[in-house]
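Structural overview for review
Residues per chain are reported as follows:
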Amino acid sequence: MKQQFSYPVVGIGASAGGLEAISKLLDAEPKLDGMALLIVQHLDPKRESHLVDLLSRHTSLTVESAVDGAEVQPDHVYVCVPNRDLVVEDGHLRLLESDAERSQRKPIDRLFDSLAAAYGDLAVAVILSGAASDGSRGISAIKAAGGMVIVQDPETAEFDGMPRSAVNTGLADVVLPVDKISEVLMQLAAHPHGLAQDATDGTNDDVESAPWQKVFNVLHQRFKYDFADYKRPTLLRRTQRRMSLRGVDDFDAYATLVRDDPQEAASLFRDLMINVSSFFRDPEAWDELERNVIDPLVAKRANGDEIRVWSAGCATGEEAYTIGMLLLERIEATGKRIVPRIFATDVSDSLATARMGVYPATIAAELSPERLERFFVKRDSEPETYEVTKHLRDLIVFARHNVITDPPFSRIDIICCRNLLIYIEPETQRKILGMFNFALRDGGTLFLGSAETIGMHTDLFETISAPWRLFRSRRAAHAGRFDFPRVTVTDQRRGVHSIEKHRQPAGDQYLNVAQRALLERYAPPSVVIDVDHHVLVYHGDTSHYLAQPGGMPTRDLLLLIATGMRPALRQAIHQALSEKRVSVTTSGYVTENNTRRSVKLTVSPISSTRDSSPLVLISFEDAAEPQVVTDRHADAGDGLGQTVEQYEEELRLTRQDLREMTQQYDLIVEEFSTSNEETLSINEEVQSANEELETSKEELQSLNEELNTLNNELRSKVEAVEQTNDDLNNLLASTEIATLFLDKDCRIRWFTPAIKQVLRLISSDVGRPVRDLASTVTGSELEPEARKVLDDLIPIETEVGSDEGKYFIRRILPYRTVDNRIDGIVATFVDITDHKKGERQRDRLMHELSHRIKNTLATVQAIVQGLGRRAGSLPEFLAAFEPRLAALARAHASLTLPGDERIELRRLLDRERAPYVGDDSHR
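Within the chain one finds 24 helices and 33 strands. Here the analysis covers contacts within the chain between residues at least 6 apart in sequence; of these, 65% occur between residues at least 24 apart. Surface summary for the chain: the accessible area is close to 49400 Å², and the carbon and sulfur share equals 50%.

Following this line, the structure appears as structure tokens:
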């Protein structure tokens, strides 16, 4: 059972120039979310791709390389990896190896085919910039499944090959600049009638009052086609998709839009008709048809017989031409002179494409090289297209025909009606199958699509091959059961042209028999000829007027006709064809048993059933009573006979001269044949060389696309590197750190502008050994320490000075690459001149302060010793001055004095104070 999904899956195909287009698509507003994006580009199979890193900068969605077996999830962007084809199976990614040559690979077509099979009408195909035509075949599968096809406007694409090829197929729903595509995608995902919605709501409404009926009424008025017999869910799903594309929520509003906008009406009609076809679709089914139907059919037919085929719902004609190719191949293989007649019918404008027989270059993927060369030619005016050869085209009659309402063809050997019945209501399917049974000969074959079947109608058909839907008609047992359709008057109640089917009364069959009997009895003997006088049809008994001459059988009427009617008949035919009117003459006669009868010849031009030369109807009637030839008449007849003999002798001599000239002509032809064979031999060599050049051209084109893609990636990487380089330069300039880069040989690789404060370097010094530079730095040498760092991989930090009185901290570190290789060293010089000046000033101040404190302490000590002798007044002195003096001394000692002086000062104060601590006699 097919897995159900609730979000659209978008396949994006691009080639040369595609990176920029994809980036613009992801950058555009509104931002894409709620869907899964699968990206396939033509990549060089031998180079690593950087698409994931490059595209991650343009979207908030999760961008990752496709992994085989990964589940497809919304809000993710999956990028195909080089040398693999990306497809989807049951909602999971699959990475497959391509079995085609590099120049023949079509990874975008392969992705679209898998999306159509997996997601149906939730699949969306987007074709962006690229060369060649990859993707143009795959969109037909998307379209047939009910999905959406969006193409970048070729005028805005850097390379317009892929977009233009897709547009030329006529399958694109919208053609937009790349920055507008995201808006359409979000409409499809968010619209109430979008892809993820159930389009079958409301299908059980009464037909007369249903809101969607107004849309179909408008289509009927414009195109004279009624969709009443189509399955409503399919019609509504496709109609609602067009509504979501145009941003319309209401059926009434959309009906107004369809009525006022002919282009939208044509787009909707085209979507509902589903005119999608291809050559040899389901190849195994065609193999089965050839093996079990065509081969036995050709084997049973004799020379001069016809094989009649009806391709119903032929769309753009591919399946009709496919049957024609199979018939021609088999007939020529048997050597028989069998005439194939193929009737291909449809109701849409796609018949124009079928009649022209011109198809895009993508059909090369559907046909074998032998068939492509034999049945198609490349058009000089459009190199990217193929045209069906005249031999194959002339086998097929394309005509507008509605299988639901129009009478069928008759005496058909094969009916091909694939993928049409699945869109029709069951009751109408039953009637169409009855019509097919009526149209087929007894034992004729019905060929249906892979999703179609005859259902319960096993009384009409027996199965030849169930998997490939081949059925044999049981015509003889059920003749006369077909219901001929009749068209009724307009049904005012519905306001549309309603089609009703009625069973044909039995009396109509007798009427046909009666009409045929009346024609046989009362219509004069007649023949139908073409413009070359070849007899096509005999009616009635013409033996009194026509007879086969001696020698080889012939259909030339002027040789079959009696001698007495030839001049009159020739003149009447010429007059009828040139003046396009009926020509009547009575000057002809026939003679039998000495009896002469005047004959009335009526010559009427008639229209051909095919788009070719007109036909001519000739009727024979006796103009008067027969007359017996008397002696007088005999004398006259003898004179006439002598004249005839004279003419015949002249004719004999003329034929003899003609024979001699023909022999001379044959000699000349032989000479020309010899020259022609030589020319053909040269032409074959040229053709062989041309094929090799064509193959080389395709390979070069494929390689060129890959190089363009790679070039775009590299250009984006270069832009990123330049941006990073600019950031790094600005960072180094703002920090004003002098930096010097050396390689493994201690040669200068690069330096920052600030290095000129330390070393006198100029741009031409890059590449010079650092030892060759005149050093302006005092202290340890740079090169030895640099080599030590290269050996030990341990950074070295040294304080150095310059001749200008500046001081620097020089740090030397190993230069490590991204893959952790040591590829040189980095030396930085941090200016510490101001710091050194501050240290010197601080040392000078500390020295002065220490000297003053020492002098002060000496004075205090003298005072304390002097006061100590006056024991009576010392307590009062200490009580008044000790706290302040001690605090001042301790503060200065702790903040400004060196460690040994602090200790000395504290010891001195404690010693002087000790005799009085704890002595209360002085208080």
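Here the narrative resumes.
The next point concerns a negative patch on the surface. On the surface, Glu-719, Glu-722, Asp-726 and Asp-727 cluster together to form a negatively charged patch. Within the secondary structure layout, Asp-726 lies in helix α20 (residues 631-735).

So, about the sheet that holds strand β32 (residues 807-816). On the basis of which strands lie adjacent, the open sheet formed by six strands has the order β29-β28-β33-β32-β31-β30 and antiparallel pairing. What marks the edges here is a single partner per strand, and that holds for β29 (748-751) and β30 (777-778). Relative to β32, strand β31 (residues 796-802) is paired through six bridges, and the arrangement is antiparallel. Considered in β32, the bridge of Ile-796 is made with Ile-812. Across the sheet, helix α21 (residues 782-792) lies against β28 (738-742), β31, β32 and β33 (822-831), angled at about 35° from β32, the strand it touches most.

On inspection of all chains with the given rule, the structure shows 41 salt bridges. The salt bridge partner of Glu-319 is Arg-281, with a shortest N-O separation of 3.3 Å. Of the two residues, Glu-319 sits in helix α12 (residues 318-334) while Arg-281 sits in the loop between α10 (262-273) and α11 (283-300), which places them 38 residues apart along the sequence. Of the two residues, Glu-319 and Arg-281, neither departs from the other in class, the shared state being buried. Arg-811 is paired through a salt bridge with Glu-797; the nearest N and O atoms lie 2.8 Å apart. Taken together, the positions of Arg-811 in strand β32 and Glu-797 in strand β31 put the pair 14 residues apart, joining distant regions of the chain.

So, about the packing of helix α7 (residues 213-223) against α10. When two helices pack together, their arrangement is given by the angle between the helix axes and the distance between those axes. The interhelical angle for the contact between α7 and α10, taken along N-to-C directions, is 100°, at an axis separation of 11 Å. The angle between the axes of α7 and α10 places the two elements in the roughly perpendicular class. Between α7, through Val-215, Phe-216, Leu-219, Arg-222 and Phe-223, and α10, the contact on the second element is made entirely by Pro-262, Ala-265, Ala-266, Leu-268, Phe-269 and Leu-272. Classifying every residue of the contact of α7 with α10 by side-chain character gives 10 nonpolar, no polar and one charged.

If you check which residues of α21 are buried, you get Leu-782, Glu-783, Glu-785, Ala-786, Val-789 and Leu-790. Projection of α21 onto a plane perpendicular to its axis shows the buried side chains occupying an angular sector of 165°, all on one side. With respect to the buried face of α21, the exposed residues turned more than 90 degrees away are Pro-784 and Asp-791. Remark: Leu-793 follows α21 within two positions and exhibits a positive phi of approximately 60°.

Attention now moves to the confidence of the model for the chain. Mean pLDDT for the chain: 78, with 77% of residues reaching 70 or above. A low-confidence stretch, residues 476-480 stays under pLDDT 50, and its non-local contacts, those more than four residues away or across chains, total six contacts. Confidence over residues 916-923 falls short of pLDDT 50; this stretch has eight contacts with residues more than four positions distant or in other chains.

Here we come to the packing of helix α1 (residues 18-27) against helix α6 (residues 178-190). The contact between α1 and α6 brings their axes to 7 Å, and the two run at 45°. As the angle between them shows, α1 and α6 are arranged oblique. Remark: the crossing between α1 and α6 carries right-handed chirality. Seen from α1, the contacting residues are Ala-21, Lys-24 and Leu-25; seen from α6, they are Val-178, Ile-181 and Ser-182.

Phe-227, Tyr-230, Trp-310, Ile-415, Phe-436, Leu-446 and Phe-461 are the most contacted members of the largest nonpolar core, which has 50 residues in total. Formed by 42 residues, the second largest nonpolar core is a distinct cluster that contains Tyr-359, Ile-363, Phe-375 and Phe-398.

So, on to the sheet that holds strand β10 (residues 306-312). With respect to topology, seven strands assemble into an open sheet ordered β15-β11-β10-β16-β17-β19-β18, the strand pairing being mixed. Each edge of the sheet is formed by a strand with only one pairing partner; in this case those strands are β15 (396-400) and β18 (461-465). Neighbour to neighbour, the strand axes of the sheet diverge by 20° on average, direction disregarded. The sheet strands contacting α12 are β10, β11 (339-346), β15 and β16 (412-417), and the helix crosses β11 at an angle near 175°.

One pass over the structure, following the stated rule, counts 19 aromatic pairs. Measuring from centroid to centroid gives 5.2 Å for Phe-227 and Tyr-230, while their planes differ by 70°, and the two rings are edge-to-face. When sorted by exposure, Phe-227 lands in the same class as Tyr-230, which is buried. Summarising the aromatic geometry, the rings of Phe-741 and Trp-750 are spaced 5.2 Å apart at their centres and angled 40° between planes, so their arrangement reads as tilted. For Trp-750, a relative accessible area of 32% corresponds to the partly exposed category. Three or more aromatic residues joined by ring pairs make a cluster, and in this case those are Phe-216, Phe-223, Tyr-225, Phe-227, Tyr-230 and Phe-269.

Rules behind the numbers
- Residues numbered from 1 in each chain as written.
- Predicted model: local features only at pLDDT ≥ 70, side-chain atom pairs only at ≥ 80, totals over all residues.
- Heavy atoms only, no water.
- Helix = DSSP H or I, 4+ residues; strand = E, 2+ residues; numbered from the N terminus.
- Contact = heavy atoms within 4.5 Å.
- Areas by Shrake-Rupley, 256 points an atom, 1.4 Å probe, with all protein chains shown as cover.
- Patch = residues over 30% accessible without salt bridge, like charges linked within 9 Å, V, L, I, M, F, W, Y side chains within 5 Å.
- Salt bridge = Lys/Arg side-chain N within 4 Å of Asp/Glu carboxyl O.
- Lys, Arg positive; Asp, Glu negative; His and termini not counted.
- Charge placed at Lys NZ, Arg CZ, Asp CG, Glu CD.
- Pairing = 2+ DSSP bridges.
- Axes fitted to C-alpha atoms, helices over the stretch in contact; angles between N-to-C directions.
- Buried < 20%, exposed > 50% of the residue type's maximum accessible area, 1.4 Å probe, protein only.
- Parallel < 35°, antiparallel > 145°, perpendicular 65-115°, else oblique.
- Nonpolar A, V, L, I, M, F, W, Y, C, P; charged D, E, K, R; others polar.
- Arc of directions from axis to C-beta.
- pLDDT = per-residue confidence, 0-100.
- Left-handed = near helix turned anticlockwise from the far one by under 90°.
- Core = buried A, V, L, I, M, F, W, Y, C linked by side-chain atoms within 4.5 Å.
- Phe/Tyr/Trp six-rings, centres within 6.5 Å; stacked < 30°, edge-to-face > 60°.

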